[in-house]
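# Per-entry structural report
Residue-level listing of the chains:
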Amino acid sequence: MPGIVIDGQALEAADGQTVMEAARAHGITIPALCWHPALSVDGSCRVCMVEVEGRGLAIACNLPVREGLAVLTDSEAVRAQRKLTLQFLTLNHPVDCGICDKAGECLLQDYHYAYNATPSVSNEPKLHATKHYSLGERIVLDNERCILCSRCVRFTREVSGSHVLGIEQRGDTSLIRPAAGRSLDEDPYSDNVIDLCPVGALLSRRFLHQSRVWYLTATPSICPGCARGCTVDVWHRRPDWQLQAVATHRNHAIARVTPRENPAVNGPWICNKGRDLADLLERLRALQPMVAGVPATLEEAMAAAREAIAAARHPLALVSTWGSNEELEAFKEHLGPLFTCRVKADHQRGPGEPGDDGLLIRADKNPNTSRARALFGEAPADTPGDTDLVLVWGEGFDGSTLPAGATTILLGSFEAPENVTAAVFIPLSILTERAGHYTNFEGVVSGFAPCFPAPATVTHAEELFPRLVPEGGRP
Amino acid sequence: MRPRPPRRDYWNEPTLGWWERAYIFEVVRGLLTTSRVFWRNMGRWVRGRKGALTSYYPEERRADYGRRNRGKHVLTQRPDGRPQCIACNLCATVCPARCIEIEAGLDLEDTAHPKYPEAFAIDYARCIFCGFCVEACPEDAIRMVPDIPDLPGNDRHDMWLHKEHLMTWNPQRDVAKPYPPKGGSGP
């Protein structure tokens with residue numbers, strides 16, 4: 001445990017740490033562009049330069065700690081060096097922050113204002129490079145903005161293991177390019193390079209020009225895409241920046257999804273499916289309660305459901321693996337005694353979708369299977385022949401397995417042909433409209449918060465279940 | 001019932017003499033003033049001249065705006081007629097009334113201007129005409145001219161002007177601010 005001194009503050013560092021890591025462990029931030037806690041040391045940006053007392057300047061990210069080492073992170077010499085470094089980094093940078101999606105959360109922009117904040121001193125015309133080089137269906141690369149920190153290259157080599165990206169040529173004509181015959185589309189974790197990029201060089205096609213980032217706010221949520229249950233930030237329009245005349249659909253839409261760092265679940269990464277949560281959650285919603293396909297009020301639908309439950313002799317409940325812990329417990333408490341309960345997989349692994357890959361992605365494409373199985377057992381979700389009523393909660397129900405003459409009560413969120421044929425249909429809120437917790441396959445419980453208000457006609461499952469219990473229970 | 005609070009003393013409390021208390025004389029004096037103005041304006045109107053200073057809004061447009069009046073926004077155009085705006089949203093961000101809304105479009109074919117405004121709207125019900133949007137614009141894409149946004153309406157939501165309206169002005173004819181801006185930066 002070498003004792004070091006950072007900015008006059010005596011600290012205990014761990015063996016084998018660098019000055020950068022020791023400083024971060026004690027809450028001291030040393031600016032850096034190419035260094036990332038989850039990636040190897042590159043040492044190419046030179047922004048993390050610190051002054052080693054008695055020895056001159058050195059980069060903190062590659063400076064091992066040793067007993068008695070004393071560094072200054074913000075001395076006169078360091079600031080002067082950083083100013084020169086930033087002038088050099090912006091030498092060929094187009095400074096088109098006005099149309100850059102990264103502006104507002106760009107490290108280069110932040111450091112420029114903190115340490116340089118002067119116009120370029122170069123008289124040479126800026127070098128031009130490829131604008132909008134396509135890196136596949138998800139990512140566009142702007143080579144002019146790239147500062148060649150190689151974070152994206154190291155990510156594909158060290159984390160995702162796809163080895164797709166590399167740097168071509170040399171000097172100021174260097175370019176980030178995919179390996180010959182390869183595409184970034186092969187990498188199911190490719191979108192992490194967009195967050196990793198400290199400037200706006202790697203751009204998400206999905207988010208390109210969709211919003212300035214300062215109009216957005218992040219709500220902690222959980223990706224329901226698989227049993228990993230990665231903690232994510234769902235970015236949506238801030239309440240004080242709601243649109244009134246132009247593109248008002250953005251007020252209630254997911255703008256983008258980024259990982260919410262969580263060492264217990266997903267670290268700093270998520271997969272591309274998590275980025276596309278809007279595809280899962282912004283499908284056509286079912287908003288109208290129905291009794292036998294005829295629109296009804298919520299009260300009427302609930303009364304019809306109570307009647308059907310009271311009259312049933314062998315009722316079966318198919319419990320959703322997309323329900324939160326709270327909802328599953330509410331179901332168990334209120335409806336569990338009335339039904340034979342089976343756990344249903346709401347979503348199946350699609351064709352071409354990756355299974356367990358050892359990094360994050362799991363083959364089970366439902367977020368809360370472990371909690372549902374813990375509450376309702378491991379029995380398969382088949383339909384016994386004498387069933388006369390099926391309560392289906394969530395998606396993924398195959399109506400063809402139903403015995404003839406059995407009626408269905410459907411609780412769902414999305415438009416589906418079964419909604420109309422069911423005896424009762426009650427619309428439910430979705431993940432971004434309610435709060436709750438999911439238990440992932442390792443038993444880690446994480447929470448999600450609502451991003452948007454629920455539509456007036458839908459109800460939260462947790463509030464619905466106690467109201468579905470018939471008066472005086474089932475005879 | 002609560003007791004009424006005592007009446008406040010005012011420094012210019014009117015004092016009524018017997019003439020004012022008699023009422024009728026002062027009423028007649030007031031009516032005479034009204035009718036004098038009425039008949040004067042009526043006489044001018046009969047002779048085809050303008051009587052009162054009233055403007056007939058919105059049919060009549062006032063001509064006495066100051067040279068630096070800034071009552072209406074215009075979006076400048078490139079020589080090919082497309083908006084100069086790059087949809088950077090700086091005007092919308094700086095706007096203290098938050099009355100500018102922009103929807104950005106994407107054109108990857110045009111590498112010089114990949115971002116453009118698909119929709120651009122200003123709410124004149126909320127605009128305070130401070131001109132910050134003009135100052136914030138890095139592209140000289142929004143300017144203000146001595147005019148008024150003629151938007152008589154029955155609903156506050158009718159007070160939005162969209163890109164199509166805001167662009168119906170040709171900046172190349174503006175001698176004070178030529179387009180493209182000539183050499184150097186700043187005024």
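Being a predicted model, the structure only gives us computed values, none of them experimental. (Residues numbered from 1 in each chain as written. Chains lettered and ligands numbered in written order. Predicted model: local features only at pLDDT ≥ 70, side-chain atom pairs only at ≥ 80, totals over all residues.)

## Considerations on the overall build of chain B
Broken down by element type, chain B carries five helices and five strands. N-terminal to C-terminal, the α/β element order of chain B is α-α-β-α-β-β-α-β-β-α. Looking at chain B as a whole, 20% of its 187 residues qualify as buried. The long-range fraction of contacts in chain B, counting pairs at least 24 apart against all pairs at least 6 apart in sequence, stands at 67%. (Helix = DSSP H or I, 4+ residues; strand = E, 2+ residues; numbered from the N terminus. Buried ≥ 20, exposed ≤ 12 C-beta atoms within 10 Å, placed from the backbone. Contact = placed C-beta atoms within 7 Å.)

## Let's talk about the overall build of chain A
For chain A, the count of helices and strands is 12 helices and 22 strands. Taking the principal axes of the C-alpha coordinates as reference, chain A spans close to 85 × 50 × 45 Å. Residues counted as buried form 44% of the 475 residues belonging to chain A. Intrachain contacts of chain A at a sequence separation of at least 6 include 65% that bridge at least 24 residues.

## Examining the sheet that holds strand S12 (residues 231-237) of chain A
Residue and element names in this part refer to chain A. Here three strands make up an open sheet; going across it, the order is S11-S12-S13 and the pairing antiparallel. The outermost strands of the open sheet, each flanked by one partner alone, are strand S11 (216-222) and strand S13 (256-259). On average, each strand axis in the sheet is tilted by 30° relative to the strand beside it, whichever way the strands run. Two strands pair when backbone bridges link them, and S11 and S12 are joined in this way by seven bridges, in the antiparallel orientation. Within S12, the position partnered with Thr217 by the bridge is His236. (Pairing = 2+ DSSP bridges. Axes fitted to C-alpha atoms, helices over the stretch in contact; angles between N-to-C directions.)

## Observations regarding the packing of helix H9 (residues 325-334) of chain A against helix H10 (residues 369-376) of chain A
Between two packed helices, what matters for the description is the angle formed by their axes and the separation of those axes. Residue and element names in this part refer to chain A. Between H9 and H10, the least distance of the axes is 10 Å, while the angle of their chain directions is 15°. Accordingly, the angle class assigned to the pair H9 and H10 is roughly parallel. Crossing of H9 against H10: the hand is right-handed. Here H9 contributes Asn325, Leu328, Glu329 and Lys332 to the contact with H10, which in turn contributes Arg371, Ala372 and Leu375. Among the residues making up the contact of H9 with H10, the classes are represented as three nonpolar, one polar and three charged. (Parallel < 35°, antiparallel > 145°, perpendicular 65-115°, else oblique. Left-handed = near helix turned anticlockwise from the far one by under 90°. Nonpolar A, V, L, I, M, F, W, Y, C, P; charged D, E, K, R; others polar.)

## Describing the interface of chain B and chain A
On the side of chain A, 13 residues touch chain B, which itself brings 19 residues to the contact. Per-class residue counts for the side of chain B that touches chain A are 12 nonpolar, three polar and four charged.

## Quick look at helix H8 (residues 298-311) of chain A
Between the first and last C-alpha of H8(A) there are 20 Å, a value that for 14 residues agrees with the 20 Å anticipated at 1.5 Å per step. Close packing links the buried residues of H8(A) with strand S14 (290-291), strand S16 (315-320), strand S18 (389-393), strand S19 (407-412) and strand S20 (424-427) of chain A. (Expected span 1.5 Å × (residues − 1).)

## Focus: unusual backbone geometry
Positioned with a positive phi, Gln169(A) is a non-glycine residue whose angle comes to about 60°. Tracing the chain through its elements places Gln169(A) in the loop between strand S8 (165-168) and strand S9 (175-178).

## A short note on helix H2 (residues 24-46) of chain B
Residues and elements named next belong to chain B. Under the 1.5 Å per step criterion, the end-to-end length of H2 is 32 Å for 23 residues, consistent within 8% with the ideal 33 Å. Counting buried positions along H2 yields zero of 23 residues, so the element is predominantly exposed. Looking one or two residues beyond H2, the residue adopting positive phi is Gly48, at roughly 75°.

## Some words on the sheet that holds strand S17 (residues 340-344) of chain A
Residues and elements named next belong to chain A. A sheet is described by the order of its strands in space; here seven strands give the open sequence S15-S14-S20-S19-S18-S16-S17, paired in mixed fashion. One side of each edge strand has no neighbouring strand; the edge strands of this open sheet are strand S15 (294-295) and S17. As defined by bridge partners, S18 adjoins S19 across five bridges and the pair is classed as parallel. For Leu391, the partnering residue across the bridge sits in S19 and is Ile409. Across the sheet, H8 is in contact with S14, S16, S18, S19 and S20; its angle to S20 comes to roughly 130°.

## Observations regarding the nonpolar core
Soluble, globular proteins show a tendency: their nonpolar side chains are buried together. All names here are of chain A. In terms of nonpolar packing, the biggest core is built from 80 residues, with Val19, Met20, Ala32, Cys48, Ala60, Ile147 and Leu202 touching the most fellow members. Counting residues per element, this core draws most heavily on helix H1 (residues 19-25), at four residues. Mapped onto the domain boundaries, this core takes at least three residues apiece from domain 1 (3-89) and domain 2 (290-467). For Ala60, the contacting residues outside a window of four places in its chain are Thr18, Val19, Met20, Ala23, Ile30, Cys48 and Val50. Counting 41 residues, the second-largest nonpolar core is a separate cluster that includes Val343, Leu391, Val392 and Phe397. (Core = buried A, V, L, I, M, F, W, Y, C linked by C-beta atoms within 7 Å. Domains from an automatic or database assignment.)

## A word on the pairing of strand S3 (residues 115-123) of chain B
Residues and elements named next belong to chain B. Relative to S3, strand S2 (residues 100-106) runs antiparallel, the two sharing seven bridges. Across the sheet, residue Glu101 finds its bridge partner in S3, namely Ala121. Relative to strand S5 (residues 160-162), S3 runs antiparallel, the two sharing three bridges. Within the sheet, the bridge partner assigned to Ile122 lies in S5 and is Leu161.

## Describing the confidence of the model for chain B
Summarising the model, chain B shows a mean pLDDT of 83, and 85% of its residues fall at 70 or more. Predicted confidence for residues 182-187 of chain B stays below pLDDT 50, and this span has zero contacts to residues more than four positions away or in other chains. (pLDDT = per-residue confidence, 0-100.)

## What about the domain arrangement of chain A?
Here chain A is partitioned into domain 1 (3-89) and domain 2 (290-467). The centre of domain 1 of chain A, based on its C-alpha atoms, is set 53 Å off from the matching centre of domain 2 of chain A.

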